[in-house]
Amino acid sequence: MSADQRPRYPVYAKRPSRMWWLRRGPYLRFAVREATAVFAGAFSVLLLLLLFALSRGRPAYEGFLRWLQLPAIVALSGVILVATVYHTATWFRLTSHIQVIRLGRRVVPRGAVTFGLVTLWLALSAAVAYFTIWFAR
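These numbers come from a predicted model, not from an experiment.

Student: Sorry if this is basic, but what is going on with the overall build of the protein here?
Tutor: Of regular secondary structure, the protein possesses four helices and two strands. Scanning the protein from its N terminus toward the C terminus, one meets helices and strands in the order α-α-α-β-β-α. Radius of gyration (C-alpha) of the protein: 25 Å, far over the 14 Å computed for a compact globule of 137 residues. By residue count, 12% of the 137 residues in the protein fall in the buried class. Long-range contacts, defined as pairs at least 24 residues apart, comprise 47% of the intrachain contacts of the protein with a sequence gap of at least 6. Carbon and sulfur atoms form 68% of the exposed surface of the protein, whose accessible area is close to 11,800 Å².

Student: So what exactly am I meant to see when it comes to the pattern of salt bridges here?
Tutor: One side chain can pair with another of opposite charge once the charged atoms of both are near each other. All chains considered together, the criterion is met by two salt bridges. With a closest N to O distance of 2.9 Å, glutamate 34 and arginine 33 form a salt bridge. Put simply, arginine 58 and glutamate 62 hold a salt bridge, and the shortest N to O gap is 3.0 Å. Note that arginine 58 and glutamate 62 are positioned in helix H2 (residues 58-68) at a spacing of four residues, about one turn of the helix. Residue classification places arginine 58 among the exposed positions, given a relative accessible area of 63%.

Student: Honestly, the environment of arginine 29 in this entry has me stumped. Any pointers?
Tutor: Within the secondary structure layout, arginine 29 lies in helix H1 (residues 25-55). Sequence separation between arginine 29 and threonine 90 is 61 residues, and the spatial gap between their C-alpha atoms is 9.0 Å.

The rules behind the values
Residues numbered from 1 in each chain as written. Predicted model: local features only at pLDDT ≥ 70, side-chain atom pairs only at ≥ 80, totals over all residues. Heavy atoms only, no water. Helix = DSSP H or I, 4+ residues; strand = E, 2+ residues; numbered from the N terminus. Rg over C-alpha atoms; globule rule 2.2 N^0.38 Å. Buried < 20%, exposed > 50% of the residue type's maximum accessible area, 1.4 Å probe, protein only. Contact = heavy atoms within 4.5 Å. Areas by Shrake-Rupley, 256 points an atom, 1.4 Å probe, with all protein chains shown as cover. Salt bridge = Lys/Arg side-chain N within 4 Å of Asp/Glu carboxyl O.

Honestly, that's just the spatial picture; any functional story needs more than this.
Okay, here's the thing in structure tokens:
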């Protein structure tokens, strides 16, 4: 662009800060939900480590259980639990926006879809807890 073609007064466009999304609720919630996926992956890694310890025999399994009882690992497990519950709850909420369920000409309300998903989640969790408590002796 030559000097004759440049605008006489340049237009000032303020650059947004790198953390602009922290000041907007929907973007912040989206970023937090995406970050909690890392904790869901960490939970999967813990389960794989458990299976690996089980495959190596009783001493390895008992060593893994002792490792799980370390205070840092207990704290990490608590953080993983909270993050995974948040991730799951927000995912259920998103599912009710994405998936439209029709019964004839009627559309099932979003709240009913979310309620159904949470109810199913709690029922399956209760079933797993029941079988773990009563049959894993």
